Amino acid sequence: MSHGVEGLLRELAPQVLGSLVRRYGVFDSCEDAVQEALIAAALQWPDAGVPENPRGWLITVASRKLVDQVRSEAARRRREEALATPQAALLSHAADSAPETDQDDSLALLFLCCHPALSSASQVALTLRAVGGLTTSQIAAAFLVPEATMAQRISRAKQGIKAAGSTLAMPEEADRAERLDEVRHVLYLIFNEGYTATDGADLTAPELSTEAIRLARLLHRLVPEDTETAGLLALMLLTDARRPARTDQHGELVPLAEQDRGRWNHRLIAEGIELISRTLPRGQVGPYQLQAAIAAVHDEAETSEDTDWPQILVLYELLEETGPNPVVTLNRAVAVAMVHGPAAGLELLATLKQDKRIARHHRLLSTRAHLQELLGDHAAAAGAYREAARRTTSVPERRHLTSRAHRLEGQA
């Protein structure tokens, strides 16, 4: 399948699903039908050409798939009761001729997939499938789990939507801000998993971070006045811009300070800086905007030595004020070390030893090792790197940490 067709299908997937759910009302049946229509298009369009009205084509095919589901002997009674729609109504007119198909329900669909009744893992899987247009096998491959496992996760998520009695509608005003925050959080999780994969042989899963950026662009377009959504998109752009330099030709991890900045995507950097510069003065500054501002300071430095660490430290202090977070404290410790010396950074890291959320995490150990290395305590740093390597589930990170430990052991 060509990239043009694939991109078009991903763009149309939420619009088509939103149209069907609004018309027929049953999320799980409609989602299955839309997936079948997307597969049909992926098989036919590269050879036959994209139809004049691709969205209408998909809606019509998906509607027919839904009718087939209703008619099947095994599912007829269950489907008809759930749909509560006579078959005559399903067949009454072509879906692509219905005026309501002009409505874009993508934002309502994002809210539905990120329903608070679902776990974060279910929200992520359902968003990628229903809004992102990814197949179950693609999502499973990205998260390094068996396809059957991901299929069960998606099925449970759809059943959770059904059990909650949720419909395709925007939340009431009182709930909208909280639900929008949930949507942003899900996109943030998807991006982070793509930028640094939790497990496996590869450091990154580019298809996930690319899809998160696409969905963040969609969300920003739907709520252009929301500054935190703009901040999230800017953060993704400014962070993903560094991805080409995060590994060497052998796939080994390259730390930020050692990256070839000529390999960074400067088009994404310019877009991200323009977006966050336009957003910050507009209102109350939230955590995504602050993280984007930190990423912008890193990206604007021509060399690692040119990094404005005092500014980064101030931004981390502001970020920590938005809510207690051990990861923010960990990152602030690095900034403290770069401004006031590694001993000051280690003193701040010591406050995290009793925090169960991060006390045994490999990132705390690797950060401690880095600051001990800067302090010149190579033996302690090597031990911390070794322990961090044992605790990470990322193969590239394990190799990098083990290599650091081995080098320092030689020096010690």
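Definitions and limits used
- Residues numbered from 1 in each chain as written.
- Predicted model: local features only at pLDDT ≥ 70, side-chain atom pairs only at ≥ 80, totals over all residues.
- Heavy atoms only, no water.
- Disulfide = S-S within 2.5 Å.
- Buried < 20%, exposed > 50% of the residue type's maximum accessible area, 1.4 Å probe, protein only.
- Patch = residues over 30% accessible without salt bridge, like charges linked within 9 Å, V, L, I, M, F, W, Y side chains within 5 Å.
- Areas by Shrake-Rupley, 256 points an atom, 1.4 Å probe, with all protein chains shown as cover.
- Salt bridge = Lys/Arg side-chain N within 4 Å of Asp/Glu carboxyl O.
- Helix = DSSP H or I, 4+ residues; strand = E, 2+ residues; numbered from the N terminus.
- Axes fitted to C-alpha atoms, helices over the stretch in contact; angles between N-to-C directions.
- Parallel < 35°, antiparallel > 145°, perpendicular 65-115°, else oblique.
- Left-handed = near helix turned anticlockwise from the far one by under 90°.
- Contact = heavy atoms within 4.5 Å.
- Core = buried A, V, L, I, M, F, W, Y, C linked by side-chain atoms within 4.5 Å.
- Polar contact = N/O pair within 3.5 Å; in protein donor to acceptor, adjacent residues only side chain to side chain.
- Phe/Tyr/Trp six-rings, centres within 6.5 Å; stacked < 30°, edge-to-face > 60°.

Novice: If you had to explain the state of the cysteines to someone new, which residues and values would you point to?
Specialist: Under the counting rule described, the total for this entry stands at 0 disulfides. The thiol of Cys30 is not disulfide-bonded; the next cysteine sulfur, from Cys113, is found 12 Å away. Judged by relative accessible area, which is 0%, Cys30 ranks as buried. Among the cysteines around Cys114, which has no disulfide bond, Cys113 carries the closest sulfur, lying 6.5 Å off. A relative accessible area of 0% places Cys114 in the buried class.

Novice: How would you summarise a nonpolar patch on the surface if you had to cite specific residues and measurements?
Specialist: A contiguous nonpolar surface patch, about 240 Å² in accessible area, is contributed by Met338, Val339 and Leu374. As for its placement among the helices and strands, Met338 is situated in helix H16 (residues 326-340).

Novice: Any details on the packing of helix H15 (residues 309-321) against H16? Residues and values, ideally.
Specialist: At their nearest, the axes of H15 and H16 sit 9 Å apart, and the two run at 150° to each other. The angle between H15 and H16 falls in the class roughly antiparallel. H15 and H16 meet at a crossing whose hand is left-handed. In this structure, H15 contributes Trp309, Pro310, Ile312, Leu313, Tyr316, Glu317, Leu319 and Glu320 to the contact, and H16 contributes Val328, Thr329, Asn331, Arg332, Val334, Ala335, Val336, Met338, Val339 and His340.

Novice: Quick rundown of the nonpolar core? Include the residues and the values.
Specialist: Of all hydrophobic cores here, the largest spans 84 residues; its most connected members are Leu20, Phe27 and Leu58. Counting residues per element, this core draws most heavily on helix H1 (residues 3-24), which supplies 9 residues.

Novice: Please give an account of the side chain of Ser122 that cites residues and values.
Specialist: Along the chain, the position of Ser122 falls in helix H7 (residues 120-131). Among the polar contacts made by the side chain of Ser122, one reaches the side chain of Ser119 at a distance of 3.1 Å. Beyond its immediate stretch of four places on either side in the chain, Ser122 contacts Arg153 and Ala157.

Novice: Now, about the packing of aromatic side chains: what can you tell me, with residues and values included?
Specialist: This model, assessed by the stated rule, comprises 3 aromatic pairs. Geometrically, the ring pair formed by Trp45 and Trp57 is edge-to-face, given 5.2 Å between the ring centres and 70° between the ring planes. Taken as a pair, Trp45 in helix H2 (residues 27-48) and Trp57 in helix H3 (residues 54-71) lie far apart in primary sequence, 12 residues in all. A centroid spacing of 5.8 Å and a plane angle of 15° characterise the contact between Phe191 and Tyr195, whose relative ring orientation is stacked. Here Tyr195 and Phe191 lie together in helix H10 (residues 173-195), a separation of 4 residues that amounts to about one turn.

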